[in-house]
Amino acid sequence: MTNMHSSSFGWRVVAIIALFAYFFPSLRPVFKYFGAYAGFLLVGYIAVVLAFLWIRSRLPRDGRVAQIFENLLLGAAVLLAVFVVVTFVYPLADGLWSVGRGSDHDDCVILGVQQLVQGAFPYSVRTYIGNACSTGPGVFVFAAPFVVVGAYEYLNVAALVLCSLVLRTRYGTAFSQTWLLILVGSLVFMELTSVGSDLIFLSLLTLTVCVGLDASRVQARIAPVVVAAIVCGLIGAARMNFIVIPFVIGALVFSADRRMFMVFTGVGLGVALVLWLGFFAWDPALFSPYQVVQRSQRLAPFWVLAAGGLVSMCLFFASVYLVRRSKFGVPVFYLVSMLPMFLVVAVGELGVRGWDLSLWEGANFIAPLFPFAAYALTELVLGPVRSVSGSQTVA
């Protein structure tokens, strides 16, 4: 089995990228919540995660311990634990509005949906700390059912369950539950999940699309591709810089199928553009999502942002070439392609904060890649996966 202890150059590069994307954003919660003990706890946290990855990579597949990962009760227990954490932590985090603290990501989504239900422009109101909302209209579509029934905090949990089920269907129980354990082991992932950040369910849905599309490509079925394109278009309408996502995913998944690429990208970009232009035309003066672009320009010089975008572009074209020649899955190449673009803004925000990790809100900019980093680490410890009709296995 090719796994984490592989000596190949490609595996080492992916390991460095995946571990960096996994650990770097978690510096924020460690330094934010543990103060003087942060350094000691950070070393311990990294050691525990690396030990788990190393041990998991060496478990005999038919051994008694490895069979634990085939037991559905393990995944159910982890998902139940996440549900319980959200149930108890979200009300506490949400209550910080009374003292002007906390995150207003959930506030933007909830207020936006409530405005739409009343037939009002969703960007005509501000959050409890006076911010205009950068949330795109695509988010409102996903969140509406949960907001209407008063259960918005469980949207991230629902997306986590869905993504876990799709991974299990494609690659088997052992893969999906290993991925799940690695993902919930991310401190910043659990932090953002608990406070209701929409970036979490968006990232999970993006991975779900990648994995589901890979199977549809093999089976050459156009109907699932169109459905996935619509979902991806809604994701592309979630933040202004997400508009590239339908094109990136389409090119990576359908690098050898021009017809499917055109269908997927055309539908995905079409959905995203209709939503963006429609809401902009509704009230251009109050349309606030463009502040993401303006904020990025304040966080780093233009040449730094351009350099990050150029590196991402080069890695994207390299990924399109390599994806069908590599044992790695599409999500790994998505991670490699998108990381520089998000990273330059995240580091720029850290610089604005005086390099104080406890205040580093820019860690959230890397949130769209958390599930992909966990996916890459899962491939590293279990070996590359094959998506075939019927049985999904680890190679």
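Since we're looking at a predicted model, the values are computed, not measured. (Residues numbered from 1 in each chain as written. Predicted model: local features only at pLDDT ≥ 70, side-chain atom pairs only at ≥ 80, totals over all residues. Heavy atoms only, no water.)

K.L.:
Would you explain the overall build of the chain in this entry?
P.N.:
On a plain count of helices and strands, the chain comes out with 17 helices and 2 strands. Sequence-distant contacts in the chain: of pairs separated by 6 or more residues, those separated by 24 or more amount to 76%. Just so you have it, the chain exposes about 17,200 Å², and 70% of that area is on carbon and sulfur atoms. (Helix = DSSP H or I, 4+ residues; strand = E, 2+ residues; numbered from the N terminus. Contact = heavy atoms within 4.5 Å. Areas by Shrake-Rupley, 256 points an atom, 1.4 Å probe, with all protein chains shown as cover.)

K.L.:
Explanation requested: the state of the cysteines in the structure shown.
P.N.:
As enumerated under the stated definition, the model contains 1 disulfide in all. Among the cysteines around Cys-232, which has no disulfide bond, Cys-210 carries the closest sulfur, lying 7.4 Å off. What makes Cys-232 buried here is its relative accessible area of 0%. (Disulfide = S-S within 2.5 Å. Buried < 20%, exposed > 50% of the residue type's maximum accessible area, 1.4 Å probe, protein only.)

K.L.:
What should I look at first to understand the nonpolar core in this one?
P.N.:
The tendency in soluble globular proteins is for nonpolar side chains to be buried as a group. Formed by 118 residues in total, the largest nonpolar core has its most connected members in Trp-179, Ile-249 and Phe-264. Of all hydrophobic cores here, the second largest spans 5 residues; its members include Leu-299, Ala-300, Leu-305 and Val-345. (Core = buried A, V, L, I, M, F, W, Y, C linked by side-chain atoms within 4.5 Å.)

K.L.:
Even after reading the chapter, I still don't get the pattern of salt bridges, so can you show me in this structure?
P.N.:
As a working rule, side chains carrying opposite charge can pair if their charged atoms are close by. A full pass over the atoms with the stated rule returns 5 salt bridges. Between Glu-191 and Arg-28 there is a salt bridge whose closest N-O contact spans 3.0 Å. Note that Glu-191 is positioned in helix α9 (residues 187-195) and Arg-28 in helix α2 (residues 27-34), a separation of 163 residues in sequence. This pair shows no difference in class: Glu-191 is buried, exactly as Arg-28 is. (Salt bridge = Lys/Arg side-chain N within 4 Å of Asp/Glu carboxyl O.)

K.L.:
How should I be thinking about unusual backbone geometry in this particular structure?
P.N.:
Negative phi is the rule for most residues except glycine; trans is the rule for most peptide bonds. Here Trp-355, not a glycine, exhibits a phi torsion of approximately 60°, which is positive. Structurally, Trp-355 can be placed in the loop between α16 (330-352) and α17 (370-382). Classification of Trp-355 as exposed rests on a relative accessible area of 56%.

K.L.:
What's the story with the environment of Thr-127 in this structure? I'm lost.
P.N.:
Structurally, the position occupied by Thr-127 is in the loop between α5 (105-117) and α6 (137-148). C-alpha of Thr-127 to C-alpha of Asp-106: the two residues are 21 residues apart in sequence and 9.4 Å apart in space.

K.L.:
Even after reading the chapter, I still don't get helix α15 (residues 302-322), so can you show me in this structure?
P.N.:
Residues spaced three or four apart along an α-helix face the same direction, because each turn holds 3.6 residues. Given a rise of 1.5 Å per residue, 21 residues ought to cover 30 Å, and the 30 Å separating the end C-alpha atoms of α15 matches this to within 8%. Residues Leu-305, Gly-308, Ser-312, Phe-316 and Ser-319 constitute the buried set of α15. Taken around the axis of α15, the buried residues stretch over an arc of 75°, which confines them to a single face. Exposed positions of α15 whose direction lies more than 90 degrees from the buried face are Phe-302, Trp-303, Phe-317 and Tyr-321. (Expected span 1.5 Å × (residues − 1). Arc of directions from axis to C-beta.)

K.L.:
For this particular structure, what's the right way to read α17?
P.N.:
Taking 1.5 Å of rise per residue, the 13 residues of α17 would be expected to cover 18 Å, and the 18 Å separating its terminal C-alpha atoms lies within 8% of that figure. Where α17 terminates, the next one or two residues include Gly-383, which has phi positive at roughly 100°.

K.L.:
Even after reading the chapter, I still don't get the packing of helix α12 (residues 245-253) against α16, so can you show me in this structure?
P.N.:
When two helices pack together, their arrangement is captured by the angle between the axes and the distance separating the axes. For the pair α12 and α16, interaxial distance at closest approach is 10 Å and the crossing angle is 135°. Overall, the two elements α12 and α16 adopt an arrangement that is oblique. The chirality of how α12 crosses α16 is right-handed. Across the interface between the two elements, Ile-245, Val-248, Ile-249, Leu-252 and Val-253 of α12 pack against Val-330, Phe-333, Tyr-334 and Met-338 of α16. (Axes fitted to C-alpha atoms, helices over the stretch in contact; angles between N-to-C directions. Parallel < 35°, antiparallel > 145°, perpendicular 65-115°, else oblique. Left-handed = near helix turned anticlockwise from the far one by under 90°.)

K.L.:
How should I be thinking about the packing of helix α7 (residues 155-171) against helix α8 (residues 173-184) in this particular structure?
P.N.:
At a minimum axis distance of 7 Å, the contact between α7 and α8 shows a crossing angle of 145°. The two elements α7 and α8 meet at a crossing, and its hand is right-handed. Taken together, the residues of α8 that come into contact with α7 (itself represented by Leu-160, Cys-163, Ser-164, Leu-167, Arg-168 and Tyr-171) are Thr-173, Phe-175, Ser-176, Trp-179, Leu-180 and Leu-183.

K.L.:
Looking at this structure, I do not really get the side chain of Thr-208. What am I missing?
P.N.:
Note that Thr-208 resides in helix α10 (residues 198-219). By relative accessible area, which is 13% here, Thr-208 ends up buried. Aside from chain neighbours lying at most four places away, what touches Thr-208 is Leu-162, Cys-163 and Val-166.

K.L.:
So what exactly am I meant to see when it comes to the packing of aromatic side chains here?
P.N.:
Geometry of an aromatic ring pair is reported as the spacing of the ring centres plus the angle between the planes. Per the counting criterion, the structure on display carries 24 aromatic pairs. With a centroid separation of 6.1 Å and an interplanar angle of 75°, the aromatic rings of Phe-142 and Phe-201 are classed as edge-to-face. Here the residue Phe-142 occupies a position in helix α6, and Phe-201 occupies one in helix α10, the gap between them amounting to 59 residues. Side by side, Phe-142 and Phe-201 carry an identical accessibility label, which is buried. Aromatic pair Phe-279 and Trp-282: ring centres 5.8 Å apart, planes at 50°, arrangement tilted. (Phe/Tyr/Trp six-rings, centres within 6.5 Å; stacked < 30°, edge-to-face > 60°.)

K.L.:
Help me understand a nonpolar patch on the surface in this model?
P.N.:
A cluster of nonpolar residues, Leu-80, Phe-83, Val-84, Val-85, Phe-88 and Val-89, forms a patch on the protein surface that exposes about 510 Å² of accessible area. For Val-84, the location among the structural elements is in helix α4 (residues 72-94). Val-84 sits in the partly exposed class, given a relative accessible area of 37%. (Patch = residues over 30% accessible without salt bridge, like charges linked within 9 Å, V, L, I, M, F, W, Y side chains within 5 Å.)

K.L.:
Looking at this structure, how should I read the environment of Arg-126?
P.N.:
When you line up the elements, Arg-126 lands in the loop between α5 and α6. For the pair formed by Arg-126 and Gly-112, sequence separation is 14 residues and the distance between their alpha carbons is 9.6 Å.

K.L.:
Help me understand the side chain of Arg-56, please; the structure alone is not making it clear to me.
P.N.:
Residue placement: Arg-56 occurs in helix α3 (residues 38-58). At 3.1 Å, the side chain of Arg-56 and the side chain of Thr-178 are in polar contact. Not counting the four nearest positions on each side in its chain, Arg-56 is found in contact with Ala-66, Phe-69, Ala-174, Thr-178, Val-381 and Leu-382. (Polar contact = N/O pair within 3.5 Å; in protein donor to acceptor, adjacent residues only side chain to side chain.)

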